[in-house]
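# Chains, contacts and geometry: an overview
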Amino acid sequence: MISVRGLTKRYGATAAVEDLSFDVAPGTVTGFLGPNGSGKSTTMRMIMGLDTPDAGRALVNGRPYPELAWPLREVGALLEARAYHPGRTAHQHLTALAAGGGVSRARVGEVLRTVGLAEAAHQRAGTFSLGMSQRLGIAAALLGDPGVLLFDEPVNGLDPEGVRWIRDLMKSLAAEGRTVLVSSHLISEMALTAEHLVVIGPGRLLADTSVAELTADGSSLEEAFFRLTSGAAMYTGTPAHRPDTETPSPAPLSAPSPSPYDPPHRRPR
Amino acid sequence: MSTAVLSSLMPAGGYGLPHALRMEWIKLRSLRSTWWALLVVVAGMIAIGVVTMANTKPPSPDKLATFDPTNNVLAGVALGQLVIGVIGVLLVTGEYSSGSIRATLAAVPHRPLVLAAKAAVFGGVTLVLSELVVLVTFFAGGAALYPAIPQPSLTDGGVLRAVLMSGAYLGLIAVMAVGIGALVRHTASAIGALVGLLFVVPAVLAGATGTAVAKFFPTMIAGNSLAVSRPMPEMLTPWAGFALLVLYTAVVYAAGLRVLVKRDA
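- The name given to chain B in an unreviewed UniProt entry is ABC-2 family transporter protein, with the source organism recorded as Streptomyces indicus.

- Looking up chain A in an unreviewed UniProt entry gives the name ABC-2 type transport system ATP-binding protein, with the organism given as Streptomyces indicus.
- Recorded in UniProt for chain A, the comment headed Sequence similarities (unreviewed entry) runs: "Belongs to the ABC transporter superfamily."

What follows is the structure in structure tokens.
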């Protein structure tokens with residue numbers, strides 16, 4: 001169970017996440033959908049206690065992540081594929097995490113088999129392909145057999161077989177009664193994976209609903225998504241930029257569209 | 001250790017310092033580069049000590065009073081501190097450049113624990129290793145001395161203190177480097193800060209103002225206050241120098257801890 005209440009994060013004058021509230025229930029895959037830069041990763045980082053919110057809070061099983069007694073046994077997260085030192089083997093990386101999280105060493109071999117990395121367990125992880133990195137990140141997330149799982153863009157850079165594997169894994173984790181939150185900007189992937197959706201625009205909640213309700217009027221999920229995010233997407237191109245538009249008509253004053261010259265919302269480095 | 005510090009290392013809940021220590025120990029020993037670098041420390045310090053002693057000329061009678069072969073045999077500390085410092089910095093900055101800090105903080109989200117474990121594990125390993133190396137270097141270097149020069153002995157006044165303090169110095173540098181890594185976070189800048197602090201700034205100051213200011217810098221304290229069996233009049237005394245180093249280490253560590261806790265990971 002994840003609950004986010006009034007979560008706000010600002011970088012300078014820019015609000016990456018603004019007054020965001022939603023719950024993620026166990027037993028289903030909840031898709032966390034939004035355009036690039038809409039604040040999905042920032043929200044997940046705040047849930048994991050990596051970033052401190054400017055206001056509001058994110059609770060996992062009723063407590064902030066850093067206050068969990070055994071965090072790895074309650075929450076597993078894949079935030080970035082390469083969250084390991086390239087000089088260590090997959091086995092060493094997971095063994096160190098298991099020691100820190102109070103997880104039995106036997107789990108290391110188990111999760112490596114689960115994600116299909118048993119053969120590569122003693123290979124330096126720096127030599128891994130992106131797909132193998134994702135699998136190692138998922139192994140780390142599964143290490144403590146947690147009831148809550150977060151995946152940030154897990155299918156990025158994966159081949160079709162890997163995409164299907166992750167999809168099936170997430171569904172089976174949810175079927176076991178776990179809470180699964182998976183972010184993506186790929187609507188088609190969410191349509192196949194998620195039953196529930198949390199859609200955010202630039203840092204704000206746009207929808208918190210089931211996939212069935214969102215598409216109840218017969219529209220596809222993609223159409224529903226664009227309806228929600230129109231005016232909210234931040235990297236909107238304008239007709240003036242398209243080569244087939246010779247004479248762009250001036251935008252009506254009553255319906256202002258986001259200017260392409262607005263600076264994109266970025267995290268400062 | 002005060003109760004406040006102790007309780008910050010023992011959060012209410014399941015995991016605690018023992019878990020963080022075990023995790024950092026596995027991480028330290030599972031990187032081959034760390035062992036290669038430590039091998040450089042061992043071989044380099046012994047070799048420099050032996051070569052310096054082999055090249056030490058018998059003192060002329062007027063220099064006899066200030067002649068201190070113990071200082072010569074410990075010349076390798078200058079190299080040791082650089083390598084130890086770089087490893088210590090990388091223990092923290094490497095986590096940021098590789099992204100593994102996210103995994104580390106997922107397992108142990110209480111950040112003071114992570115830094116304490118890193119400092120304790122690397123500081124401890126460095127301390128034990130350095131004390132062994134300075135003792136080995138002392139005997140190997142003594143054997144390389146001209147037969148005409150009387151060999152220094154650990155039982156001579158101040159010699160054992162000079163040798164052991166030099167080993168302890170490297171342990172302090174290890175902790176200081178972990179603190180610099182947490183404070184600066186980017187590998188290149190952190191190593192720059194380390195080299196500036198240990199070599200560049202004191203060398204410039206020594207050139208400009210002699211020992212007046214430079215004597216307060218770690219490298220100068222190590223070479224002229226700690227690694228001497230006969231304290232030098234214009235330099236800090238051994239114990240004053242050592243106390244100052246402990247203070248520096250505590251300040252840098254505390255600053256690194258503050259940044260680690262405050263800043264988003």
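Further notes follow.
### Quick look at the sheet that holds strand β4 (residues 55-60) of chain A
Residues and elements named next belong to chain A.
- Spatially, the three strands line up as an open sheet ordered β2-β1-β4, and their pairing is antiparallel. Either end of the sheet is taken by a strand with one partner, and the two such strands are β2 (14-24) and β4. The mean inter-strand angle of the sheet, taken between neighbouring strand axes irrespective of direction, is 20°.
- For strand β1 (residues 2-11) and β4, the ladder comprises five bridges, and the chain directions are antiparallel. Each residue of the ladder has a partner; that of V4, found in β4, is A58.
- Contacts from helix α1 (residues 40-47) reach β1, β2 and β4, with the element oriented near 115° to β1.

### A look at the UniProt feature "transmembrane region" (unreviewed entry) in chain B
Residues and elements named next belong to chain B.
- Residues annotated by UniProt as "transmembrane region" (unreviewed entry) correspond here to residues 35-53, 73-92, 113-146, 158-184, 191-217 and 237-261.
- In this annotation, residues 73-92 is assigned 85% helix and 0% strand; the end-to-end C-alpha distance for the span is 32 Å.
- From the first C-alpha to the last, residues 113-146 spans 50 Å; its make-up is 94% helix and 0% strand.

### Side note on the nonpolar core
- Counting residues in each nonpolar core, the largest one holds 146 residues, and the members touching the most others are F151(A), L197(A) and Y169(B).
- With 15 residues, helix α8 (residues 159-184) of chain B is the largest single contributor of residues to this core.
- Setting aside residues no more than four positions away along its own chain, F151(A) makes contact with M44(A), L78(A), I138(A), A141(A), M170(A), L173(A), V180(A), L181(A), V182(A) and S183(A).

### A word on the interface of chain A and chain B
- Of the residues lining the interface, 34 residues belong to chain A; the matching set on chain B comes to 27 residues.
- Here chain A meets chain B over a buried area of about 2500 Å², counting both sides, of which 57% is carbon and sulfur.
- Area buried by chain A at its contact with chain B is led by L50(A), R88(A) and G100(A), which between them contribute 22% of it.
- The interface formed by chain A and chain B includes two salt bridges.
- Here E80(A) makes a salt bridge to R102(B), at a shortest N to O gap of 3.0 Å.
- Our count for the contact surface shared by chain A and chain B stands at 12 residue pairs in polar contact (both at pLDDT 80 or more).
- Residue composition of the side of chain A that touches chain B, grouped by class: 16 nonpolar, 10 polar and eight charged.

### Thoughts on the confidence of the model for chain A
- Chain-level statistics for chain A give a pLDDT mean of 86 and a share of 86% at 70 or above.
- Across residues 239-269 of chain A the pLDDT falls below 50, and counting only partners more than four positions away or on other chains, this stretch makes 20 contacts in the model.

### Thoughts on the sheet that holds strand β7 (residues 179-184) of chain A
Residue and element names in this part refer to chain A.
- Read from one edge of the open sheet, six strands run β5-β6-β7-β3-β8-β9, paired in mixed fashion. One side of each edge strand has no neighbouring strand; the edge strands of this open sheet are β5 (75-78) and β9 (205-210). Taking the axes of each pair of neighbouring strands and ignoring which way they run, one obtains an average angle of 15° across the sheet.
- When strand β8 (residues 196-200) meets β9, the two strands line up antiparallel, connected through five bridges. By the bridge assignment for β9, H196 is matched with S210.
- Against the sheet, helix α5 (residues 130-142) makes contact with β5 and β6 (148-152), and its axis sits at roughly 170° relative to β5, the strand it touches most.
- On the sheet, helix α6 (residues 160-175) packs against β3 (29-33), β6 and β7 and is oriented at approximately 150° with respect to β7.

### Looking at the side chain of D264(B)
- In this structure, D264(B) sits in the segment after α12 (238-262).
- A polar contact of 2.7 Å, which involves the side chain of D264(B), links it to the side chain of K9(A).
- Only 2.9 Å separates the side chain of D264(B) from the backbone nitrogen of T52(A), close enough to count as a polar contact.
- Setting aside anything within four residues of it in sequence, one finds D264(B) in contact with K9(A), Y11(A), L50(A), D51(A), T52(A), R111(B) and R185(B).

### Things to note about helix α4 (residues 106-114) of chain A
Residue and element names in this part refer to chain A.
- Taken together, the buried positions of α4 are R107, V108, V111 and L112. Relative to the axis of α4, the buried residues are bounded by an arc of 135° and lie together on one face.
- Tucked inside the fold, the buried residues of α4 contact α3 (90-101) and α5.

### Let's talk about the pattern of salt bridges
- Counted according to the given criterion, the structure contains 16 salt bridges over all chains.
- For R227(A), the salt bridge goes to D217(A), with nearest N and O atoms at 3.6 Å. On the criterion of sequence distance, the pair formed by R227(A) in helix α9 (residues 221-229) and D217(A) in the loop between α8 (211-214) and α9 is long-range, its members being 10 residues apart.
- Owing to a relative accessible area of 47%, R227(A) belongs among the partly exposed residues under this scheme.
- Between K118(B) and E95(B) there is a salt bridge, and its shortest N-O distance comes to 2.7 Å. One end of the pair, K118(B), is in helix α7 (residues 111-144); the other, E95(B), is in helix α5 (residues 77-98), with 23 residues separating them in the sequence.
- What makes E95(B) buried here is its relative accessible area of 4%.
- Through salt bridges with shared partners, one network takes in E24(B), K27(B), E95(B) and K118(B).

### Comments concerning the packing of helix α3 (residues 32-54) of chain B against α7(B)
Residue and element names in this part refer to chain B.
- Closest axis-to-axis distance for the α3/α7 pair is 8 Å, and the angle between their directions is 25°. With respect to their mutual orientation, α3 and α7 come out roughly parallel. Taken as a pair, α3 and α7 cross one another with a handedness that is right-handed. Touching L38, V42, M45, I46, G49, V50, M53 and A54 of α3 are V125, L129, V133, V134, V136, T137, A140, G141, G142 and A144, all from α7.
- Here the contact of α3 with α7 is composed, by residue class, of 14 nonpolar, four polar and no charged.

### Remarks on the environment of E153(A)
Residue and element names in this part refer to chain A.
- In this fold, E153 is placed in the loop between β6 and α6.
- The buried category is assigned to E153, whose relative accessible area is 13%.
- Considered as a pair, E153 and L33 are 120 residues apart in the sequence and their alpha carbons are 9.9 Å apart.
- Sequence-distant contacts of E153, defined by excluding residues within four places in its chain, comprise K40, Q134, S183, S184 and H185.
- At 3.0 Å, the side chain of E153 and the side chain of H185 are in polar contact.

Basis of the calculations
Residues numbered from 1 in each chain as written. Chains lettered and ligands numbered in written order. Predicted model: local features only at pLDDT ≥ 70, side-chain atom pairs only at ≥ 80, totals over all residues. Heavy atoms only, no water. UniProt positions renumbered as here; feature names shortened; annotations may be inferred. Pairing = 2+ DSSP bridges. Helix = DSSP H or I, 4+ residues; strand = E, 2+ residues; numbered from the N terminus. Axes fitted to C-alpha atoms, helices over the stretch in contact; angles between N-to-C directions. Contact = heavy atoms within 4.5 Å. Core = buried A, V, L, I, M, F, W, Y, C linked by side-chain atoms within 4.5 Å. Buried < 20%, exposed > 50% of the residue type's maximum accessible area, 1.4 Å probe, protein only. Buried area = accessible area lost by both parts, 1.4 Å probe. Salt bridge = Lys/Arg side-chain N within 4 Å of Asp/Glu carboxyl O. Polar contact = N/O pair within 3.5 Å; in protein donor to acceptor, adjacent residues only side chain to side chain. Nonpolar A, V, L, I, M, F, W, Y, C, P; charged D, E, K, R; others polar. pLDDT = per-residue confidence, 0-100. Arc of directions from axis to C-beta. Parallel < 35°, antiparallel > 145°, perpendicular 65-115°, else oblique. Left-handed = near helix turned anticlockwise from the far one by under 90°.

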